[in-house]
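So the chains spell out like this:
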Amino acid sequence: AYEQRWEESHPKAEKAASMMECLRPALEPSVLSAETAAWILPSELRSHQVEAVNAFLGHEAFLLADDPGTGRSVAAIVAMMGKFQIGEARRALMVTSVSSLRSASRLLRLWAPGLLVTAVRGGADSRRLDWVTPANVYVCDYGTLETDIEQGLLSGKDLEFDLLLLDDLPTTGLRFQSFPAALKQVEARIRWGLAGAPPESAEDWVVLISLLQPQASKGLAGITQPEAKRRFQENLLRRSKGELREQLPVRRRDEIWVDLDPAHYRRYEEVLAEERHRLAQLGEAATTAHVEAALERLDRVLNFLPGTLDGAKVRALVDRIEPVSYTHLRAHETSLHLVCRLL
């Protein structure tokens, strides 16, 4: 949502969004209209995603607990864009896991192109500037949100949002997590969650309800799991991949063979000999863990040439990633970081 530059070891906001730029989503064609969504969104939503979008729009507190891989984040982001366009949201917070932060930012750019987004990251000074500089959506991970609230980087009126979206919400063991205490300090009338499944224990249901429906969380002490689920049933949508099989794209497996160059092959043979010798020295003391460690080391050598981020598998992967493009995604965003994660 803005550009950051450094002056005398302190970050400064440059080209920050104006009030009119923040209101831009309400002035653009709606993503909720079939006629205009076709040329705003990168592709057409599937019917189960449309159902999820409508469910989000119809509830201030809602949990979409579809299986991973069913496009639930896209549905939530399109619904969020819709809330901005009908004037029910001007400032939103999306919290996700560390591993999904980059993906969440990319999905917002693709499926909500009219929203100004700030990914809150970096050092304390940078994050403080991120929080106070105007944007439509702020994206951060759970740990960063917890830390920034504890350290006062996010406080006062900056804790007030119109919409809170909790992505990758760990519903199993939620009661043991530390971040719910921080999330309860966030004020938001609309509170949505995305999870791979509903909670299984009464205690986790209590924490979930306190996060998504704070006004209904009183008097839940001692509640049973069936009763907690019943109370939240109208605010929950859960579908498995099996149920949605007909609507999901067909998965395809492509097997690609690559040849190691001479230097890479020599190094692989050296490591293979070293690991065989190590296991032979262990003799009967060798365990499954020792074998797994040897295979893991061999995998690393196959992926990368020693001391580099290069290798036959990396080059083959880059060759196949480069042609892949999305409507609003430029080729340079396919980075070596993505390559490493895929490997």
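Before any of the text, the structure's been laid out above.
Residues numbered from 1 in each chain as written. Predicted model: local features only at pLDDT ≥ 70, side-chain atom pairs only at ≥ 80, totals over all residues. Heavy atoms only, no water.

**Student:** Help me understand the packing of helix 5 (residues 72-85) against helix 6 (residues 101-111), please; the structure alone is not making it clear to me.
**Tutor:** Between two packed helices, what matters for the description is the angle formed by their axes and the separation of those axes. It is at 10 Å that the axes of helix 5 and helix 6 come closest, and there the two elements cross at 50°. Taken together, the axes of helix 5 and helix 6 are oblique relative to one another. Note on packing geometry: the crossing formed by helix 5 with helix 6 is right-handed. On helix 6, the residues touching Ser73, Val74, Ile77, Val78 and Met80 of helix 5 are Ala104, Leu107, Leu108 and Trp111. Class assignment for the residues of the contact of helix 5 with helix 6 results in eight nonpolar, one polar and no charged. (Axes fitted to C-alpha atoms, helices over the stretch in contact; angles between N-to-C directions. Helix = DSSP H or I, 4+ residues; strand = E, 2+ residues; numbered from the N terminus. Parallel < 35°, antiparallel > 145°, perpendicular 65-115°, else oblique. Left-handed = near helix turned anticlockwise from the far one by under 90°. Contact = heavy atoms within 4.5 Å. Nonpolar A, V, L, I, M, F, W, Y, C, P; charged D, E, K, R; others polar.)

**Student:** What is the right way to look at the packing of aromatic side chains in this model?
**Tutor:** Two numbers describe a pair of aromatic rings. These are the distance of the centres and the angle of the planes. Evaluated as defined, the whole model comprises six aromatic pairs. Pairing tyrosine 142 with phenylalanine 179 gives two aromatic rings, centres 4.3 Å apart and planes at 35°, and the pair type is tilted. Of this pair, tyrosine 142 sits in helix 8 (residues 142-150) while phenylalanine 179 sits in helix 9 (residues 179-183); the two residues are 37 residues apart in sequence, bridging distant segments of the chain. With relative accessibility at 6%, the residue phenylalanine 179 sits in the buried group. An aromatic cluster is present here, built from Phe56, Phe62 and Trp192 joined pairwise through their rings. Over the face of the ring belonging to phenylalanine 161 we find arginine 91, whose NZ or CZ atom lies 4.2 Å from the ring centre. (Phe/Tyr/Trp six-rings, centres within 6.5 Å; stacked < 30°, edge-to-face > 60°. Buried < 20%, exposed > 50% of the residue type's maximum accessible area, 1.4 Å probe, protein only. Lys NZ or Arg CZ within 6 Å of the ring centre and 35° of its normal.)

**Student:** Would you explain the layout of surface pockets in this entry?
**Tutor:** Any empty space left between the atoms is revealed when a probe the size of a water molecule rolls over them. Approximately 490 Å³ is the volume attributed to the second largest pocket. Per element, the largest residue contribution to the lining of the second largest pocket is five residues, and it comes from helix 6. Class assignment for the residues of the lining of the second largest pocket results in nine nonpolar, five polar and five charged. (1 Å grid on protein atoms, 1.4 Å probe; cavity = no way out; pocket = protein on both sides within 12 Å on 5 of 7 lines; lining within 4 Å. Points joined across faces, edges and corners; volume = space filled by probe spheres on them.)

**Student:** Please explain the environment of glutamine 49 as it appears in this structure.
**Tutor:** As for its placement among the helices and strands, glutamine 49 is situated in helix 4 (residues 47-57). Residue glutamine 49 is classed as buried on the basis of its relative accessible area of 8%. Sequence separation of glutamine 49 and valine 250 is 201 residues, and the distance between their C-alpha atoms is 17 Å. Setting aside residues no more than four positions away along its own chain, glutamine 49 makes contact with Thr70, Gly71, Val74 and Ala75.

**Student:** What's the story with the pattern of salt bridges in this structure? I'm lost.
**Tutor:** A side chain of one charge can pair with a side chain of the opposite charge when the charged atoms of the two come close. Throughout the structure, instances matching the rule amount to 20 salt bridges. Notably, a salt bridge pairs arginine 239 with aspartate 66, separated by 2.7 Å at the nearest N-O pair. Here aspartate 66 lies in the loop between strand 3 (61-64) and helix 5 and arginine 239 lies in the loop between strand 9 (236-237) and helix 12 (262-282), a separation of 173 residues in the sequence. A single burial state applies to arginine 239 and to aspartate 66, both of which are buried. With a closest N to O distance of 3.5 Å, arginine 300 and glutamate 296 form a salt bridge. (Salt bridge = Lys/Arg side-chain N within 4 Å of Asp/Glu carboxyl O.)

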